[in-house]
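# Inside the fold
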Amino acid sequence: MLSDCVIVNLPKISDPRGNLTAIEGATIPFEIKRVYYIYDIPAASTRAAHSHKNLTQLLIAISGSFEVSLYDGLNYKTFVLNKPYEGLIIRPMIWRDLFNFSAGAVCLCLASELYDESDYYRNFDDFNKAINSK
Ligand code: TYD
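Given the structure is predicted, the values throughout are model-derived calculations rather than measurements.

Inspection of every chain in the model, using the stated rule, returns 3 salt bridges. Of the charged contacts, one joins D15 and R17 as a salt bridge, the two residues approaching to 2.7 Å between their closest N and O atoms. Among the residues examined, D15 registers a relative accessible area of 26% and is labelled partly exposed. Residue classification places R17 among the exposed positions, given a relative accessible area of 77%. Between E113 and K33 there is a salt bridge, with its nearest N and O atoms 3.6 Å apart. Residue E113 is located in the loop between β9 (106-111) and β10 (120-121), and its partner K33 is located in the loop between β1 (7-9) and β2 (34-38); the two are separated by 80 residues in the primary sequence. Given a relative accessible area of 44%, K33 falls into the partly exposed group.

Below is the structure:
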């Protein structure tokens with residue numbers, strides 16, 4: 001559900017030498033099975049444009065900023081990610097678009113499942129049909 005897609009505050013250990021954020025199992029509400037990151041993103045790019053059937057993920061703007069639009073079949077909600085100590089939880093059956101990437105933006109994704117193409121809806125109409133038949 002869209003209301004379950006929330007910003008979580010990650011620990012930030014401030015230091016004159018630079019800040020540090022650590023993510024341990026208890027920090028986020030799922031077991032991390034996979035980590036990937038998106039980088040060297042051209043300014044006009046949009047990424048994602050899909051929904052997952054079962055996977056939950058946490059997105060973090062490790063560097064720079066970008067926006068995330070979420071859609072649950074009924075409502076849209078947009079988040080700006082621009083802090084390395086904040087993550088956005090995205091639950092299953094939520095269509096997401098990532099856009100408006102700043103120069104040097106890096107999107108870190110912690111995922112609850114291994115990569116599995118059959119877990120994706122990549123076609124918006126198929127996603128809408130699936131969500132409306134629930
Ligand atoms: P894609 O899902 O289109 O990226 P995003 O939705 O985040 O914009 O993935 C791009 C390509 O990378 C696609 O061919 C699938 C592949 N891929 C993997 O092999 N492993 C992974 O963990 C991910 C996320 C993608």
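Next up on the list: unusual backbone geometry. Here the phi dihedral of A49 falls at roughly 55 degrees; this positive angle occurs in a residue that is not glycine. Mapped onto the secondary structure, A49 falls in strand β3 (residues 47-52). Positive phi is not limited to glycine here, since M93 has a value of about 60 degrees. Along the chain, M93 turns up in the loop between β7 (86-90) and β8 (95-99). Classification of M93 by relative accessible area gives buried; the value is 10%.

Before going further, it helps to examine the layout of surface pockets. Approximately 190 Å³ is the volume attributed to the largest pocket. What lines the largest pocket is Y36, I38, R47, A48, H50, Q57, L59, R96, L98, C107, Y120 and R122. Looking at the lining of the largest pocket, the elements that each hand over two or more residues are β2, β3, β4 (57-63) and β8. When residues in the lining of the largest pocket are grouped by element, the largest group, 3 residues, is from β3. Grouping the constituent residues of the lining of the largest pocket by class yields 7 nonpolar, 2 polar and 3 charged.

Near the ligand, the surroundings consist of R34, Y36, I38, R47, A48, H50, Y115, Y120 and R122. R122 has a polar side-chain atom sitting 2.9 Å from an oxygen atom of the ligand. Alone, the ligand offers 520 Å² of accessible surface; in the complex the protein occludes 60% of this. When contributions to the shell around the ligand are tallied by element, the ones reaching two or more residues are β2 and β3. Taken together, the residues that form the shell around the ligand break down as 5 nonpolar, 1 polar and 3 charged.

Our focus in this paragraph is the packing of aromatic side chains. Considering all chains together, one arrives at 10 aromatic pairs under this definition. Centroid distance W95 to F127: 5.7 Å. Interplanar angle 45 degrees. Geometry classified as tilted. With W95 in strand β8 and F127 in helix α1 (residues 124-132), this residue pair connects regions lying 32 residues apart in the sequence. Here W95 and F127 have matching classes, each one buried. Through pairs of rings, three or more aromatic residues link up here, namely Y71, Y76, W95, Y121, F124 and F127.

Counting residues in hydrophobic clusters, the biggest one holds 21 residues, and the most contacted among them are L59, F66, V68, L70 and I90. When residues of this core are traced back to their parent elements, those giving at least two are β4, β5 (66-71), β6 (76-81), β7 and β9. Residues within four places of L70 in sequence aside, it is in contact with L2, C5, N75, Y76, K77, F79, L88, I90, I94, W95 and R96. Membership of the second largest hydrophobic core comes to 9 residues, among which are L58, I60, I89 and L110.

Calculation rules
Residues numbered from 1 in each chain as written. Predicted model: local features only at pLDDT ≥ 70, side-chain atom pairs only at ≥ 80, totals over all residues. Heavy atoms only, no water. Salt bridge = Lys/Arg side-chain N within 4 Å of Asp/Glu carboxyl O. Buried < 20%, exposed > 50% of the residue type's maximum accessible area, 1.4 Å probe, protein only. Helix = DSSP H or I, 4+ residues; strand = E, 2+ residues; numbered from the N terminus. 1 Å grid on protein atoms, 1.4 Å probe; cavity = no way out; pocket = protein on both sides within 12 Å on 5 of 7 lines; lining within 4 Å. Points joined across faces, edges and corners; volume = space filled by probe spheres on them. Nonpolar A, V, L, I, M, F, W, Y, C, P; charged D, E, K, R; others polar. Near = heavy atom within 4 Å. Polar contact = N/O pair within 3.5 Å; in protein donor to acceptor, adjacent residues only side chain to side chain. Areas by Shrake-Rupley, 256 points an atom, 1.4 Å probe, with all protein chains shown as cover. Phe/Tyr/Trp six-rings, centres within 6.5 Å; stacked < 30°, edge-to-face > 60°. Core = buried A, V, L, I, M, F, W, Y, C linked by side-chain atoms within 4.5 Å. Contact = heavy atoms within 4.5 Å.

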